[in-house]
Amino acid sequence: MNILKTYKIYIGGAFPRTESGRYYPITDSKGNTLANVCLSSRKDVRNAVVAARKAFGGWSEKTAFNRGQILYRIAEMLDGRKGQFIDELVLQGISKSKADKEFQQSVDRLVYYAGWADKYQQIASSVNPVSSSHFNFSALEPMGVIGIIAPQENSLLGLISLVIPAICGGNTVVVAASESHPLCSVTFAEVLHSSDVPGGVVNILTGKVAELAPALAAHMDVNALVSSDLGELQKPLALSCVENLKRRFTYMNSDQQGLNFVTDLQEVKTTWHPIESIGGATSSY
Amino acid sequence: MIKTFDPNNMLSKITVDKVGVEERVARFQTRSIKNESKLQGLKMVLNMIDLTTLEGKDTPGKVQQMCYKAQHLHDVQPDLPTVAAVCVYPSMVSVARKALGNSSVKIASVSTAFPSGQSTREIKISDTKFAVDQGADEIDMVISRGKFLAGEYAFVFDEIAAIKEACGKARLKVILETGELSTLDNVRLASDIAIHAGADFIKTSTGKIQPAATMQVTYTMLMAIKDYYDKTGIMVGMKPAGGISTSKLALHNLVMVKEVLGNAWLTNEWFRFGASSLANDVLMQIMKSTTGLYQSSDYFSID
């Protein structure tokens, strides 16, 4: 028997319905209704940001190695639900072979960032030469709560490509899922839920980009806003980000992977530590 | 004159309908409060807060910082009231007195071997007198819950009356510590004892025990105040304390006070919130109403 699934949102490790009580239908290429999903409001954004902020302390203080283990665990759990994801990708209108490929890439991407979790800090930090008696070094610290607008196409791979590097670096995120293809994102929330990812680290909302993105951009407690190209929404969003000097990243290649996806969402802290004398390469620090 | 215990007056054994209380309280939480009245309500909440620090690790610096905050809640926003009072341990009253100067912010001091109240009457009285001498305007005493639960109501009554006497001009708030009283019937009885013994305010909790100021408990105490007022025409104040950390809950409490006791109680002379983190949440809500932007605690003072 075919049971029509109700897709809910994911906030603070729970699956509530939108506080607005609104829904919108998702249809396949023939116009048949596949499911109703939540049409989230800015109050859901508010709740999700509160959950993300609450989770930030604990998540950012986990050891890098432990975060890597948890990301790898997500990959394992995702792989275990291969059939469901491929079915949903196909339902949303791409071919079986493309769906296969997108799914495989998604798992690969998780493993890729799981590997980076305890390595990016060493690669991107530095000891800096200075002309005074100081040992001067720069290290990375996560920014905090990141707002993410997931790409419309590649609804699974695109989501993972933006969310995972952010949490890899110790941030917590609030994601507006693909508006037209949201099914995989809600199912991905179920994967996260069973993967030792603490509640609130990833919060996933479904709904209109035009409604959720401005709410994320204007929120004073969101530290950065990440998206693929959003066309004419770009400029008003950038203006909204000014109020709290929010970092704004637009990735034209949002289905790619790379170290910069992790390090972009890190602040650099530079420390000047007094030392007795300026040493050479073999100084005594 | 010290009041004396009269069991016939006190032990009328008013029982509380718990289910009824829960239903009534649930209804207070469904009131829709629109923008303008919400803003007014939020400012009222600010003005009713007893900004509190009651920790073993309190230092003069911490108390000074809190006293500054009490007078300068969020200077970016004009037209904000101050809080009603600061609430500290007796040893910190002189520090607070100095830090507050001529400000209208009052100083409340806990006393009577707060928070447990497990000490002798002599010590409790001298504790109270010390706080008053140091400059406290208000005394927050705790009742002897052990004696109350053992049925020694006369002891509890006499103790409150004795402390009231020791307070002199200072107003007396009586903390029932409802989290340790088990039932709403006990809360009601303890409220009646405190009111009859001369309390100017009755207060739910020390903040050290959970559950603290639930709406059910506050409602039960408000009803005791109402019944006493109806009978004698004397107003008694109410202070829920502990666990009220969001604006929403604070507004629900105001709705309840208005609907149970009426507008006369909607001032900080008769109603207070004992809280440490509530002020910042209310400030954030006020800024949200003013700017339209959801706020971040990064931009508000640490409490």
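See the structure shown above.
What counts, and at which threshold
Residues numbered from 1 in each chain as written. Chains lettered and ligands numbered in written order. Predicted model: local features only at pLDDT ≥ 70, side-chain atom pairs only at ≥ 80, totals over all residues. Heavy atoms only, no water. Axes fitted to C-alpha atoms, helices over the stretch in contact; angles between N-to-C directions. Helix = DSSP H or I, 4+ residues; strand = E, 2+ residues; numbered from the N terminus. Parallel < 35°, antiparallel > 145°, perpendicular 65-115°, else oblique. Contact = heavy atoms within 4.5 Å. Nonpolar A, V, L, I, M, F, W, Y, C, P; charged D, E, K, R; others polar. Phe/Tyr/Trp six-rings, centres within 6.5 Å; stacked < 30°, edge-to-face > 60°. Lys NZ or Arg CZ within 6 Å of the ring centre and 35° of its normal. Patch = residues over 30% accessible without salt bridge, like charges linked within 9 Å, V, L, I, M, F, W, Y side chains within 5 Å. Areas by Shrake-Rupley, 256 points an atom, 1.4 Å probe, with all protein chains shown as cover. Salt bridge = Lys/Arg side-chain N within 4 Å of Asp/Glu carboxyl O. Lys, Arg positive; Asp, Glu negative; His and termini not counted. Charge placed at Lys NZ, Arg CZ, Asp CG, Glu CD. Buried < 20%, exposed > 50% of the residue type's maximum accessible area, 1.4 Å probe, protein only. 1 Å grid on protein atoms, 1.4 Å probe; cavity = no way out; pocket = protein on both sides within 12 Å on 5 of 7 lines; lining within 4 Å. Points joined across faces, edges and corners; volume = space filled by probe spheres on them. Buried area = accessible area lost by both parts, 1.4 Å probe. Polar contact = N/O pair within 3.5 Å; in protein donor to acceptor, adjacent residues only side chain to side chain.

## Points about the packing of helix 4 (residues 96-116) of chain A against helix 6 (residues 157-168) of chain A
All names here are of chain A.
Inference 1: One way to put it is that helix 4 packs onto helix 6 with a least axis distance of 10 Å and a crossing angle of 10°. With respect to helix 6, the element helix 4 is oriented roughly parallel. Within the contact between the two elements, helix 4 uses Glu102, Gln105, Ser106, Arg109, Leu110, Tyr113 and Trp116 and helix 6 uses Leu157, Ile160, Ser161, Ile164, Pro165 and Cys168.
Inference 2: Of the residues contributing to the contact of helix 4 with helix 6, the split by class is eight nonpolar, three polar and two charged.

## So, the packing of aromatic side chains
Inference 1: With the rule as written, the count across this model stands at 13 aromatic pairs over all chains.
Inference 2: One aromatic cluster in this structure is built from A:Tyr112, A:Tyr113 and A:Trp116.
Inference 3: Cation over ring: B:Lys147 sits above B:Phe155, and NZ or CZ is 4.8 Å from the ring centre.
Inference 4: Between the NZ or CZ atom of B:Lys288 and the centre of the ring of B:Tyr294, over which it lies, the distance is 4.9 Å.

## Focus: a positive patch on the surface
Inference 1: There is a patch of like positive charges on the surface, built from A:Arg42, A:Lys43, A:Arg46, B:Lys34 and B:Lys248.
Inference 2: Top contributing element to the positive patch by residue count: helix 1 (residues 42-61) of chain A, with three residues.
Inference 3: Inspection of the secondary structure puts B:Lys34 in the loop between helix 2 (18-28) and helix 3 (35-47).
Inference 4: Overall, B:Lys34 belongs to the exposed group, its relative accessible area being 58%.

## Regarding the layout of surface pockets
Inference 1: Approximately 1400 Å³ is the volume attributed to the largest pocket.
Inference 2: Around the largest pocket, the lining is made up of 38 residues, and of these A:Arg46, B:Lys38, B:Ser247, B:Asp281 and B:Gln285 lie nearest the centre.
Inference 3: Contributing elements (two or more residues each) for the lining of the largest pocket: helix 1 of chain A together with helix 3, helix 11 (247-260) and helix 12 (278-291) of chain B.
Inference 4: Of all the elements, helix 1 of chain A adds the most residues to the lining of the largest pocket, at eight residues.
Inference 5: Of the residues assigned to the lining of the largest pocket, the class counts are nine nonpolar, 16 polar and 13 charged.
Inference 6: The volume enclosed by the second largest pocket comes to roughly 490 Å³.
Inference 7: Lining the second largest pocket we find 29 residues, and of these B:Thr52, B:Gly274, B:Ala275, B:Ser276 and B:Ser277 sit closest to its centre.

## A word on the interface of chain B and chain A
Inference 1: The interface is formed by seven residues belonging to chain B together with nine residues belonging to chain A.
Inference 2: In total, chain B and chain A occlude about 820 Å² of area from one another, counting both sides; carbon and sulfur atoms represent 56% of this.
Inference 3: It is B:Leu293, B:Tyr294 and B:Tyr299 that lose the most area in chain B upon contact with chain A, and together they represent 70% of the buried surface on that side.
Inference 4: Summed over the shared surface of chain B and chain A, the result is zero salt bridges.
Inference 5: For the pair chain B and chain A, the interface holds two residue pairs in polar contact (both at pLDDT 80 or more).
Inference 6: Class assignment for the residues of the side of chain B that touches chain A results in three nonpolar, three polar and one charged.

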